[in-house]
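An overview of the molecular structure
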Amino acid sequence: MEAREGTEAAPTVPTMDRVRELIVRYGVIAITLFLLIFFLSAEETFRRPTTLLSVLKYASVIAIGGLGVTTAMVVGGIDLSIGGTAGMAVTISAMTMVIYDQVGVVAIGAVLVAGALVGLANAFLIVKLRIPDMLATLSVMFVVQGLKLVFVSGQSVSSGMPLPNGSFAVGRFTPEFLAIDNGFVGPIPVPVLILIVITLAMFIFLTRTRWGRILYAIGANPEATRLAGINVSRYRALAYVISGLLAAVAGLILSARIGQGDISAGNSLLLDSVAVALVGMSVMGLNLPNAWGTSLGAVMLGIMITGLTIAGVPYYAQDVVKGVVLVVALIFSFTLSRKKARYVSAV
Amino acid sequence: MDGPAQQAVVSLTDVSMAFGTNRVLSGVSMSVRKGTVQALIGANGAGKSTLIKILSGVYPQHGGEIHVDGSPVRIDSPSVARSLGIHTVHQRIADGVIPGLSVAENLVFDALSQPSFGSFFSIAKVLPRARDVASRLDLGWSDAVLRRDVFELGIADQQLLLLARALDQQPRMLVLDEPTSALSMAEVDRLFAVIRGLKEDGVAILYVSHHLSEIDTLADSLVVLRDGKIRLERDRPFVWNEVVRAMLGDQVLAEEEAITEHRGTEVRLRLSGVRLHARSAPQDIEFRAGEVAGIIGLLGAGKTELARGVYGATPFTEGSMVLDGAPYAPRSPGDAVRHGVFLVPEDRAAEAMLPGWTIARSVSLPFLSQMAPRGLVPRGAEARRGRWVIDELDVVASGDGHMVDELSGGNQQRVVVGRWMAGKPGVFILDEPFRGVDIGARAGISRKLRALAAEGAAVVITSSDVDEILQGCDRILVLGDGVVRSDTYIRETTRDQIIERMSEIA
């Protein structure tokens, strides 16, 4: 990036094209930096280290959900059940600890199993029953959201709540479970660490391993991938299971953050996750769903929302800003870029 | 009203059409006469569909002139075509029927969209008209059938529905594009009876088909289109090998002595009782190690069915295979690849290309599990494999990081072929590998395939071009209507004999 501007003199490529190329490549990064510098200089509160960490903590849930959506988008699909799964994870973790009085590790296990099962359900509908991705995961989203409410008869789960058998819930969120959100490893908050580890893991998985490579191949041309001798169904199923697991992890952080089985948790996660995955596509002009881009998109969203909140912009106006930024990122990917964006609509 | 020119319902004069610099039709002049069936024949890409689209008003920007009943016309849109009495029944049935509407509504759809129909609709208003339309073809559909959703009809009945709908408009000329592709034998007979009836009513029919036997039964005259030009015009009786020659082109083999022949001895793959078409007889075919076998046949001969069956992409419904002495029954391409059986599919863009992928990645994709047994793809080895393909097949590219979609067609094909050669094939099938590929790439690929066979692979090439097969193969199997019509080594046959075999009428 640094040397690039200096070497613009060559007259071979028209300047407009170069400018366009730069915008497509670095547009999202530039917007993120601009927002960061703007809020850093304008708001004193924003400069506090705790604020910056809270930006990353905020970003962690959305980034991990977004990485789930990204994985589904890599195979040319989409996962709309992300928010529902995360919400169910909140309720399941609360039930396991509060109602069934289990330790945090059991709750984590239960949530991950539930996430994988949702992924398998999506995979079954999409791969075996051949329902288009968007429609299948939309249906599963409703089922999952409903199931969550059925489990707890529509009640938020908290310690001491009355149970149907007349007794009271004796369990509580265990400290080690709460540490998923409020713990630190050295100076780094646990959710930020989880964000970094998962981003890195997904980056390596998607770009460096053969499994990730095959997922991208399916997104590029499923028939060519099948005729290259690959079991496309199995890999598409894998993508949805990973997506379900990531949604579950996002739900775990959310659950530890809220500290109770809030039944409305996760409601806004789906749209944010899809938004950051779409923003992420345009990072570095890749025009492909990718792990770094998605996490960066989530951080950008975190900076924006935190900054706007500190600046006193009401939450409903924040959505307008979110939407405009998404549109701008999509313009980078779909309008300005000469590379065809590889988002295959599921329907 | 006695000269043949007077009888022409529709005549084309010097019609041409280009997409950018690509001329798809040039100087086409032909006419379709009242009460006759004019057949239009041509291989893939000859320009048939373009001609049909010009006649049905889809491409108003063509060059040349069209006369209907002697007066010049401009067919600017499909509705103009219809008002001139030119009706087309397209090959793709799905483009014609409207799902979600009843059979009756589909039958009277043209009237339905006219203002004269009025604004209000009821099935009772539609039914009598629909009965009327259906009776034109003696479809004999009851009111219960007419009330059903059109998709409950079989594909053949949908085809007949479209035909009935076209007939209801009292066409002066009817264009039928591959009308039998979805029909069974009995339905074909029914369609032919209808066509004969139309002839008697004085309708001019343009019949587009690649089935020579149908044309033999129906047509009064035929024109052959190749590379956008008319190559042959004949009235009955037709001389079929002349027709096939015109279809395929008859550039003479450059050098007879260029033919080299290697006979394989050991059978690599044996097919027994394999049925290529639902209606054709089971076939036994052997492929031998050490030779390049060419499978030649016209469109629809069963070449792709054979290739995809051996590769497990569309498993055979009947019969069995033995590979190197062991039973071989691939249920998926993955099975075939594990057995060293590879396929270069027919449609490169749809079935082999990964847009936005580099050469190195495209090349390694089928072999990732060998190259990366523990998961991490070794980038060095991948790049080397990419460069090997570039060197081995003389791909013109900047390096292994070159995007495949930015390569020329010939170079794309070299990459697709080279990818499999890098994996040491036992049986290597290439379905129409030279279609849309320049001569240079064709010769280069051919040479590599011969070298591969010399190393012990069984290579199988399918083609509908005699010269491709003659230049590239040791052995020639002529396929027609799903049946092997002849199986000879190249020195035992001649170009004329091959064409003779290809032109046989089932």
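Refer to the preceding data block for the structure.
To keep things clear, this report deals only with the structure shown in the data block. (Residues numbered from 1 in each chain as written. Chains lettered and ligands numbered in written order. Predicted model: local features only at pLDDT ≥ 70, side-chain atom pairs only at ≥ 80, totals over all residues. Heavy atoms only, no water.)

With that settled, consider the nonpolar core. Soluble globular proteins tend to pack their nonpolar side chains together in the buried interior. Of all hydrophobic cores here, the largest spans 230 residues; its most connected members are B:Leu107, B:Leu174, B:Leu222, B:Leu271 and B:Phe428. With 15 residues, helix H10 (residues 232-258) of chain A is the largest single contributor of residues to this core. In this view, B:Phe428 contacts B:Phe342, B:Val344, B:Val417, B:Trp420, B:Met421, B:Leu449, B:Leu452, B:Ala458, B:Val459 and B:Val460; residues no more than four positions away in its chain are not counted. Ranked by size, the runner-up nonpolar core spans 31 residues in total, among them B:Val9, B:Leu12, B:Ala46 and B:Ile52. (Core = buried A, V, L, I, M, F, W, Y, C linked by side-chain atoms within 4.5 Å. Buried < 20%, exposed > 50% of the residue type's maximum accessible area, 1.4 Å probe, protein only. Helix = DSSP H or I, 4+ residues; strand = E, 2+ residues; numbered from the N terminus. Contact = heavy atoms within 4.5 Å.)

Now for the packing of helix H4 (residues 104-128) of chain A against H10(A). Residue and element names in this part refer to chain A. The N-to-C vectors of H4 and H10 enclose an angle of 145°; their axes lie 7 Å apart at closest approach. For H4 against H10, the interelement crossing comes out right-handed. Taking contact as the criterion, the partners of Ile108, Val111, Leu112, Gly115, Ala116, Gly119, Leu120, Asn122, Ala123, Ile126 and Val127 in H4 are, on H10, Ser233, Arg236, Ala237, Tyr240, Val241, Gly244, Leu245, Ala248, Val249 and Leu252. Considered class by class, the residues forming the contact of H4 with H10 number 15 nonpolar, 5 polar and 1 charged. (Axes fitted to C-alpha atoms, helices over the stretch in contact; angles between N-to-C directions. Left-handed = near helix turned anticlockwise from the far one by under 90°. Nonpolar A, V, L, I, M, F, W, Y, C, P; charged D, E, K, R; others polar.)

All right, on to the sheet that holds strand S20 (residues 483-489) of chain B then. Note on sheets: strands pair through backbone hydrogen bonds, and any given pair is parallel or antiparallel. All names here are of chain B. If you walk across this open sheet you meet the 6 strands as S16-S17-S18-S13-S19-S20, and the pairing is mixed. Pairing within the sheet leaves two strands with one partner each, and these edge strands are strand S16 (341-344) and S20. Pairwise comparison of adjacent strand axes, ignoring direction, gives a mean angle of 15° for this sheet. By the bridge criterion, 6 bridges tie strand S19 (residues 475-480) to S20 in an arrangement that is antiparallel. The residue bridging Leu479 from the neighbouring strand is Val484, located in S20. (Pairing = 2+ DSSP bridges.)

Turning next to the sheet that holds strand S3 (residues 37-41) of chain B. Residue and element names in this part refer to chain B. One open sheet holds the 6 strands; their spatial order is S6-S7-S8-S3-S9-S10, and the pairing between them is mixed. Only two strands of the sheet have a single partner each, and these edge strands are strand S6 (86-89) and strand S10 (229-235). The mean inter-strand angle of the sheet, taken between neighbouring strand axes irrespective of direction, is 20°. As judged from the 6 bridges shared by strand S9 (residues 221-226) and S10, these two strands associate in the antiparallel manner. Bridging from a neighbouring strand, Arg226 pairs with Lys229 of S10. Contacts from helix H9 (residues 185-200) reach S3, strand S7 (173-177) and strand S8 (204-208), with the element oriented near 145° to S8.

What follows deals with unusual backbone geometry. Negative phi characterises most residues that are not glycine, and trans characterises most peptide bonds. All names here are of chain B. A cis geometry characterises the amide bond from Arg236 onward to Pro237, with omega recorded as -10°. Within the secondary structure layout, Pro237 lies in the loop between S10 and helix H11 (240-248). Phi at Asp227 is positive, roughly 50°, even though this residue is not glycine. In this structure, Asp324 takes a positive phi of about 50° despite not being glycine. Relative to the helices and strands, Asp324 is located in the loop between strand S14 (320-323) and strand S15 (326-327).

A few words on the pattern of salt bridges. All names here are of chain B. Scanning all chains against the criterion turns up 36 salt bridges over all chains. Here Asp474 and Arg450 are joined by a salt bridge, their closest N and O atoms 2.8 Å apart. Of this pair, Asp474 sits in the loop between helix H20 (466-472) and S19 while Arg450 sits in helix H19 (residues 439-454); the two residues are 24 residues apart in sequence, bridging distant segments of the chain. In this structure, Asp481 and Arg485 form a salt bridge, with 3.5 Å as the shortest nitrogen-oxygen distance. By sharing partners, the salt bridges in this structure join Arg270, Glu286, Arg288, Glu291, Arg475 and Asp487 into a single network. (Salt bridge = Lys/Arg side-chain N within 4 Å of Asp/Glu carboxyl O.)

Opposite the 33 residues of chain B that make contact, chain A presents 21 residues. Considering only the surface of chain B that becomes buried against chain A, B:Pro355, B:Trp357 and B:Leu365 emerge as the three largest contributors, covering 20% of it. The interface formed by chain B and chain A contains 2 salt bridges. When the shortest N-O distance is used, the salt bridge between B:Glu382 and A:Arg213 registers 2.5 Å. Viewed at the interface, chain A and chain B are joined by 9 residue pairs in polar contact (both at pLDDT 80 or more). Residue assignment for the side of chain B that touches chain A shows that the elements contributing at least two residues are helix H13 (333-338), helix H14 (348-351), helix H15 (359-364), helix H16 (368-371), helix H17 (379-392) and helix H18 (409-421) of chain B. (Buried area = accessible area lost by both parts, 1.4 Å probe. Polar contact = N/O pair within 3.5 Å; in protein donor to acceptor, adjacent residues only side chain to side chain.)

A few words on the layout of surface pockets. Residues and elements named next belong to chain B. Here the largest pocket is characterised by a volume of approximately 1,400 Å³. Looking at the largest pocket, it is lined by 48 residues, and the ones nearest its centre are Glu178, Thr180, His210, His211 and Glu214. The set of elements that each furnish at least two residues to the lining of the largest pocket consists of helix H2 (48-55), H9, helix H10 (212-218), S19 and S20. No other element matches the 5 residues that H2 contributes to the lining of the largest pocket. Among the residues forming the lining of the largest pocket, the class breakdown is 18 nonpolar, 17 polar and 13 charged. (1 Å grid on protein atoms, 1.4 Å probe; cavity = no way out; pocket = protein on both sides within 12 Å on 5 of 7 lines; lining within 4 Å. Points joined across faces, edges and corners; volume = space filled by probe spheres on them.)

For the rest of this paragraph, the subject is empty space enclosed by the protein. Residue and element names in this part refer to chain A. Applying the stated criterion across every chain, the model contains 4 cavities of 30 Å³ or more. Size it by volume and the largest cavity reaches roughly 70 Å³. Contributing elements (two or more residues each) for the lining of the largest cavity: helix H11 (269-281), helix H12 (291-310) and helix H13 (315-336). Per-element tally for the lining of the largest cavity: the top contributor is H12, with 4 residues. The residue makeup of the lining of the largest cavity, split by class, is 8 nonpolar, 1 polar and 1 charged.

Let us now look at the environment of B:His262. Residues and elements named next belong to chain B. Along the chain, His262 falls in the loop between H11 and strand S11 (267-274). When its relative accessible area of 47% is taken as the criterion, His262 is described as partly exposed. Here the alpha-carbon distance between His262 and Gly482, two residues 220 residues apart in the chain, equals 26 Å. When sequence neighbours within four positions are dropped, the list of residues in contact with His262 reads Gly290, Glu291, Arg450, Asp474 and Tyr489.

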